[in-house]
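Observations on chain architecture
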Amino acid sequence: MPRSSEENPRIFYGWWVVVAFASTGIYWTGTHNTGLSALFTPMRESFGFSASVITFAISLKQILTMFVSPVVGQTVDRVGPRRFLILAGILGGAGFSIVALAHSTWMFFVGFVIASLGYTIIGSGMGPA
């Protein structure tokens, strides 16, 4: 005798999407926003940059997010989120790898912008419609 849906309720698919987005948002905020403040002084000492250089990079990230977010949102609606999550992961990892290997200010900025683009895609394009 088959079970009724009341005996074995299924979790609504939308809740899985909410859990996935919340987990990604927590990771994104922890690594790229809050985590960056913990690394501010070590980055200054390691790279020999002034505080204004690192602060400018953070401001550049916010400006990039402001301009890229609407484009990402519209494109995700047309193409779908799967390709963008893969692209975001690759950009975030590559950008932070470049930052880790940076020996000059321009290399630091290039890596930081690439990582910021990846995290902008995660933060702005994967939200609920």
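Residues numbered from 1 in each chain as written. Predicted model: local features only at pLDDT ≥ 70, side-chain atom pairs only at ≥ 80, totals over all residues. Heavy atoms only, no water.

**Quick look at the overall build of the protein chain**
From N to C terminus, the protein chain includes 5 helices and 0 strands. The proportion of buried residues among the 129 residues of the protein chain is 26%. Within the protein chain, counting contacts between residues at least 6 apart in sequence, those at least 24 apart form 71% of the total. (Helix = DSSP H or I, 4+ residues; strand = E, 2+ residues; numbered from the N terminus. Buried < 20%, exposed > 50% of the residue type's maximum accessible area, 1.4 Å probe, protein only. Contact = heavy atoms within 4.5 Å.)

**Here's the deal with helix α3 (residues 51-79)**
For α3, spanning 29 residues, the distance from its first C-alpha to its last is 40 Å, which sits close to the expected 42 Å at 1.5 Å a residue. Where α3 bends most, the angle comes to about 40°, and this point is V68, followed within four residues by the proline P70. Restricting attention to buried positions, one finds in α3 the residues V53, I54, A57, K61, V68, S69, V72 and V76. At the C-terminal side of α3, G80 shows a positive phi close to 110°. (Expected span 1.5 Å × (residues − 1). Bend = angle between axes of the 7 residues up to and from the residue.)

**Description of the nonpolar core**
Counting 11 residues, the largest nonpolar core is built from L36, M43, F49, V53, I54, A57, V99, A102, F108, F109 and F112. Dropping the residues within four chain positions of it, I54 is found in contact with F40, M43, R44, F49 and F108. F84, A88, L91 and I121 belong to the second largest nonpolar core, which has 8 residues in total. (Core = buried A, V, L, I, M, F, W, Y, C linked by side-chain atoms within 4.5 Å.)

**Brief notes about the packing of α3 against helix α4 (residues 81-101)**
For the pair α3 and α4, the least separation of the axes is 7 Å and the interaxial angle reads 130°. Of the possible angle classes, the one that applies to α3 and α4 is oblique. Touching T75, V76 and V79 of α3 are P81, R83 and F84, all from α4. Looking at the contact of α3 with α4, its residues break down into 4 nonpolar, 1 polar and 1 charged. (Axes fitted to C-alpha atoms, helices over the stretch in contact; angles between N-to-C directions. Parallel < 35°, antiparallel > 145°, perpendicular 65-115°, else oblique. Nonpolar A, V, L, I, M, F, W, Y, C, P; charged D, E, K, R; others polar.)

**So, the packing of helix α2 (residues 40-47) against α3**
The N-to-C vectors of α2 and α3 enclose an angle of 125°; their axes lie 10 Å apart at closest approach. Judged by the angle between their axes, α2 and α3 are oblique. The chirality of how α2 crosses α3 is right-handed. Every residue of α3 that contacts α2 at F40, M43 and R44 is listed here: A51, I54 and T55. (Left-handed = near helix turned anticlockwise from the far one by under 90°.)

**A short note on the environment of M66**
With respect to the helices and strands, M66 occurs in helix α3. As for M66 and T120, which are separated by 54 residues in sequence, their C-alpha atoms are 9.1 Å apart.

**Re the packing of aromatic side chains**
Tallying each qualifying case throughout the model produces 7 aromatic pairs. Consider the rings of F47 and F49, whose centres lie 5.0 Å apart with planes at 20°: the pair is stacked. In this structure F49 comes out as buried when scored by relative accessible area, which is 10%. Cluster of aromatic residues (ring-pair linked, three or more members): F47, F49, F56, F108, F109 and F112. (Phe/Tyr/Trp six-rings, centres within 6.5 Å; stacked < 30°, edge-to-face > 60°.)

**Quick look at the confidence of the model for the protein chain**
Confidence in the prediction of the protein chain, expressed as mean pLDDT, is 80, and 88% of residues score 70 or more. Mean pLDDT in the protein chain bottoms out at helix α1 (residues 13-38), which sits at 77, and peaks at α4, which reaches 88. (pLDDT = per-residue confidence, 0-100.)

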